[in-house]
Amino acid sequence: MPSLRNRLTAAAVAGAAMLVASAPSYAQTAESAVRALLQGIDASAEWNADFGQITPQGNGVTVSNIRITGAGDENVSIELGNLTVAGYSEPSGGGFRADEITVDLLTVVSDAGEFELANIELVGLGVPDFQSVIFDSERPLVALMQGYSLAAAVELTSGHMDEMVVTQTSEGITSVVTYENFVIGRIADGKLDVTSAGPVTADTPSPEGLVSLSIASIESRDMDIGAIARVLDPSQYENGVGDQVWHTVLGLARYRDMVVEAPGTLVRFSDITVEDFRMRQPASSYIEFFDAAMSNPDMSDEEMAALSQAYLPDILSSVALGRLSIDNLDVEAPDIDLFRLGEFYIDELSAEGIGEVGFGDVEISDEDEGSFALDSFSFGDLRFPPLSLLQQSAGAGSTPPGKAKTSGGAEINPLDLIPTLGFLEIAGVTLDAPEFAGSLERFFVRFGGYVGFVPTGMDAEINDLTVDVDQIEEEEVAAVFEALGYDQILIDVGLDWNWREVDQTLTLRDFSIGIDDVGSVSARLELRGLTREAIENLSEETFLGLEFVSATLTVDDDSITSRAINMQAEQLGITPDQFREQIKGAVPFFLMVLQDAAFQGQIAPTLQAFIDNPGSLTMTLRPKRALPLMELLAAASDAPQRLPSLLSVEIQAAR
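Residues numbered from 1 in each chain as written. Predicted model: local features only at pLDDT ≥ 70, side-chain atom pairs only at ≥ 80, totals over all residues. Heavy atoms only, no water.

A. Spatial organisation of the packing of aromatic side chains. This model, assessed by the stated rule, comprises 7 aromatic pairs. Judged by centre distance (5.9 Å) and plane angle (75 degrees), the ring pair of Phe-481 and Tyr-486 falls under edge-to-face. In terms of burial, Phe-481 and Tyr-486 fall into one category: buried. Taken together, the ring pairs connect Tyr-286, Phe-289, Phe-290 and Tyr-311 into an aromatic cluster. The lysine or arginine in question, Arg-563, covers the ring of Tyr-486, its NZ or CZ lying 4.1 Å from the ring centre. (Phe/Tyr/Trp six-rings, centres within 6.5 Å; stacked < 30°, edge-to-face > 60°. Buried < 20%, exposed > 50% of the residue type's maximum accessible area, 1.4 Å probe, protein only. Lys NZ or Arg CZ within 6 Å of the ring centre and 35° of its normal.)

Written out as structure tokens, the structure is:
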């Protein structure tokens with residue numbers, strides 16, 4: 001079998017032969033140009049070329065039965081039925097122009113498969129002189145990329161192809177892909193405005209049966225060939241250094257109405273879209289990576305790993321994607337009654353991070369497992385660790401020629417490689433399963449102020465988490481809710497914390513749990529003494545070394561107190577008012593465990609007033625000095641009765 005190097009050589013020569021108008025200066029007509037081109041190919045050591053007749057046609061010429069084959073062990077053949085060139089001319093700067101070029105049938109056969117193209121038409125084609133491109137078997141891609149740069153100077157008014165059929169066989173399985181109505185728009189100033197094709201079909205046999213793909217249409221818009229060449233061609237790097245300026249190389253690519261059908265399974269997409277694909281010159285060109293990999297097919301795994309590690313940052317940092325979206329995905333399968341995904345998207349993907357990932361309008365149902373629905377799920381502001389850090393963590397090993405040796409094998413804290421997340425949001429969840437049923441209106445969390453991988457600020461909400469009481473697994477808890485008259489609970493949760501480096505204060509600005517028609521609990525807390533160094537080296541001692549500044553705890557009643565009193569009164573066979581009086585009278589005895597007569601005397605009337613008229617209870621802890629947490633823990637363990645005075649506890653009731 002031919003080596004990879006020979007295949008690359010063959011591919012490069014074939015590409016040059018088909019693209020380069022390398023006819024000598026005497027080729028002033030279409031006929032002489034075609035003759036010179038075919039004779040030049042035939043004269044090469046790698047290729048043979050012959051043709052049938054050349055027939056003048058008005059201001060052009062038709063050439064029949066062109067055949068180009070690879071010499072030696074290269075199994076490649078290119079056949080053209082009838083090639084017609086009209087309005088041919090050669091500008092003074094080299095290359096050629098043609099008013100129209102048509103090919104009724106083009107067939108390419110190689111080890112990669114068979115490609116058959118029918119009725120090709122190119123209007124207003126202008127091709128620059130490619131003779132300056134010098135092929136080097138040791139650096140095949142460098143030469144091809146220089147050719148790609150020249151391709152940015154190609155001009156075209158329009159192009160069309162009726163059909164392209166691709167037949168490939170792998171491991172005894174033959175697949176056929178058909179493209180119909182391929183259209184290419186205007187090419188000028190290195191930019192291609194539009195391409196389209198469709199329908200597109202593909203059939204691939206499998207052990208389970210035929211797998212079929214159909215796409216109603218494919219289109220792309222606003223391709224910047226010149227911008228791609230700026231990145232891929234190393235000769236365009238000024239003094240070998242990339243400018244790292246982003247350019248959009250593809251405005252839009254879209255697949256419409258895609259259907260994949262396999263035995264027993266059907267998958268449909270209404271749209272798959274890529275928008276604003278960008279490229280930039282990285283700090284240094286990475287084409288040498290592909291040249292080295294392709295020209296040395298027998299490279300060891302260790303050498304390939306070292307090569308990849310050295311060039312990976314440049315490769316990853318050179319591309320970015322504005323948006324990838326998939327709309328209206330439907331799946332039909334034997335084990336699924338319904339699967340629908342209305343939308344999936346990724347916004348602003350690059351080596352630096354991801355702007356947002358999300359999906360929504362999800363419906364899944366199964367006769368035995370139940371159903372699930374989701375309005376939306378998204379997360380974003382995801383920041384990746386620096387590429388240089390990933391490169392160092394991989395270990396450089398041997399260093400490829402031309403690349404500076406990195407600090408391979410350096411000690412890297414694995415926590416530094418963790419991406420940071422900006423936000424997460426879930427909305428409109430409904431679950432109806434045999435073992436559990438419930439719903440969630442919204443869950444949202446936002447992180448910020450990262451120190452390493454640790455967020456020093458967070459804002460979170462849970463809104464309208466609904467659970468049927470009979471779905472609660474803890475039987476005792478469910479029994480209490482049922483006895484209190486609840487058949488469903490509706491929960492809201494809030495959490496908000498923030499760290500200020502200027503005064504080393506960690507503040508829990510809000511923590512709240514509320515149950516509709518039950519009540520809520522909310523708290524605030526302020527701690528001091530949290531340094532950046534402590535956050536960077538988190539441990540159990542980190543928080544034990546902090547100081548307690550203040551805290552507030554508020555309990556708001558929303559019928560739970562009255563429900564509990566009514567339930568107990570009914571069980572005792574007395575009126576609710578009678579039971580209230582009993583509880584109020586017992587309050588002083590309950591408080592005796594505190595062993596602080598002054599504090600007991602202060603809070604007993606407050607609790608009794610709350611029992612009479614449930615509203616809210618607020619407990620404030622504001623010691624006269626900031627207290628080390630270790631001191632509080634010791635007091636709680638050794639002398640808990642000291643805590644009320646130590647913390648200057650106050651309790652107030654409000655209606």
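B. Local environment of helix H12 (residues 576-591). The terminal C-alpha atoms of H12, which comprises 16 residues, lie 23 Å apart, in line with the 22 Å expected from a rise of 1.5 Å per residue. Maximum bend of H12: about 30 degrees, positioned at Gly-585, with proline Pro-588 one to four residues after it. Those residues of H12 lying buried are Phe-579, Arg-580, Lys-584, Ala-586, Val-587 and Leu-591. The secondary structure elements touched by the buried residues of H12 are helix H11 (560-572) and helix H13 (597-612). (Helix = DSSP H or I, 4+ residues; strand = E, 2+ residues; numbered from the N terminus. Expected span 1.5 Å × (residues − 1). Bend = angle between axes of the 7 residues up to and from the residue. Contact = heavy atoms within 4.5 Å.)

C. Looking closely at the nonpolar core. Counting 37 residues, the largest nonpolar core has Ile-68 and Val-85 as its most contacted members. Those elements that place two or more of their residues in this core are helix H2 (30-43), strand E1 (47-50), strand E3 (60-70), strand E4 (77-86), strand E5 (96-110), strand E6 (113-127) and strand E7 (158-170). Setting aside anything within four residues of it in sequence, one finds Val-85 in contact with Ala-30, Val-34, Gly-60, Val-61, Ala-98, Glu-100 and Ile-101. In terms of nonpolar packing, the next biggest core, distinct from the first, is built from 31 residues, Ile-535, Leu-591, Ile-603 and Leu-617 among them. (Core = buried A, V, L, I, M, F, W, Y, C linked by side-chain atoms within 4.5 Å.)

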